[in-house]
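Letter by letter, the chains look like this.
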Amino acid sequence: PKIKTRYPHPMTGLADSDEDDDDDDDDDPSKDEETSCSICLINRQGPCRKYWVKFERCMKDHSAEKERRRREVDMEEEEEAKFKAAAERGAEGGEEE
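On a predicted model such as this, the values are computed, not experimentally measured, just so you know.

Enquirer: Sorry, what's going on with the overall build of the protein chain here?
Expert: When you go through the protein chain residue by residue, the secondary structure sums to three helices and zero strands. The linear arrangement of helices and strands in the protein chain, starting from the amino end, is α-α-α. For the protein chain, restricting intrachain contacts to residue pairs at least 6 apart in sequence, the fraction spanning at least 24 positions comes to 34%. A total accessible area of about 8,600 Å² is found for the protein chain, and carbon and sulfur atoms account for 54% of it.

Following this line, the structure appears as structure tokens:
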């Protein structure tokens, strides 16, 4: 049985979903995304296939969220640097009297 938690994952900040994943797709190799990853191809054929497919889906879903958050942080840092540079230019102009 899967244990769900309400606490966010330390890396992604996301909590487990209440929705059940579509387990029917996990058993159908015809619905797999194409890949050249040898580890993926091997694990998709093994006894842990349904867990591996869920892992792939989790990584895909959460990596998109993590990338979005990284871009937001980058934008905030960029804005902060612009503000700081403008404040320094203003302070330099005020010293000349």
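Enquirer: Honestly, the pattern of salt bridges in this entry has me stumped. Any pointers?
Expert: Between side chains of opposite charge, pairing is possible as soon as their charged atoms come close. The final tally for this structure, using the stated rule, is 10 salt bridges. Close ionic contact of Arg 71 with Glu 67 constitutes a salt bridge, the shortest N to O distance being 3.7 Å. Within this pair, Arg 71 and its partner Glu 67 are both found in helix H3 (residues 49–95), separated by four residues, close to a single helical turn. Here Arg 71 falls in the partly exposed class, since its relative accessible area comes to 43%. One salt bridge in this structure joins Glu 72 and Arg 68, with 2.4 Å as the shortest N-O distance. Of this pair, Glu 72 and Arg 68 are both found in helix H3, four residues apart, which corresponds to roughly one turn of the helix.

Enquirer: Just to check I follow, could you spell out the confidence of the model for the protein chain for this structure?
Expert: The predicted coordinates ought not to be read in detail in places where the model reports low pLDDT. A residue-level look at the protein chain finds 69% of positions with pLDDT of 70 or above and a mean pLDDT of 79. For the protein chain, per-element mean pLDDT is lowest for helix H1 (residues 23–26), which scores 66, and highest for helix H2 (residues 38–45), which scores 90.

Enquirer: What exactly am I supposed to notice about the side chain of Arg 49 here?
Expert: Turning to its location among the elements, Arg 49 is positioned in helix H3. A polar atom in the side chain of Arg 49 sits 2.9 Å from the side chain of Asp 32.

Enquirer: It is not clear to me how the packing of aromatic side chains should be interpreted in this structure. Could you clarify?
Expert: Describing an aromatic ring pair means giving the distance of the ring centres and the angle of the ring planes. In total, this model carries one aromatic pair according to the counting rule given. Each ring, one from Trp 52 and one from Phe 55, has its centre 5.2 Å from the other, and the planes form 40°; the classification is tilted. Highlighted residues: Trp 52 and Phe 55, both in helix H3, separated by three residues, approximately one helical turn. By relative accessible area, which is 17% here, Trp 52 ends up buried. What makes Phe 55 partly exposed here is its relative accessible area of 40%.

Calculation criteria
Residues numbered from 1 in each chain as written. Predicted model: local features only at pLDDT ≥ 70, side-chain atom pairs only at ≥ 80, totals over all residues. Heavy atoms only, no water. Helix = DSSP H or I, 4+ residues; strand = E, 2+ residues; numbered from the N terminus. Contact = heavy atoms within 4.5 Å. Areas by Shrake-Rupley, 256 points an atom, 1.4 Å probe, with all protein chains shown as cover. Salt bridge = Lys/Arg side-chain N within 4 Å of Asp/Glu carboxyl O. Buried < 20%, exposed > 50% of the residue type's maximum accessible area, 1.4 Å probe, protein only. pLDDT = per-residue confidence, 0-100. Polar contact = N/O pair within 3.5 Å; in protein donor to acceptor, adjacent residues only side chain to side chain. Phe/Tyr/Trp six-rings, centres within 6.5 Å; stacked < 30°, edge-to-face > 60°.

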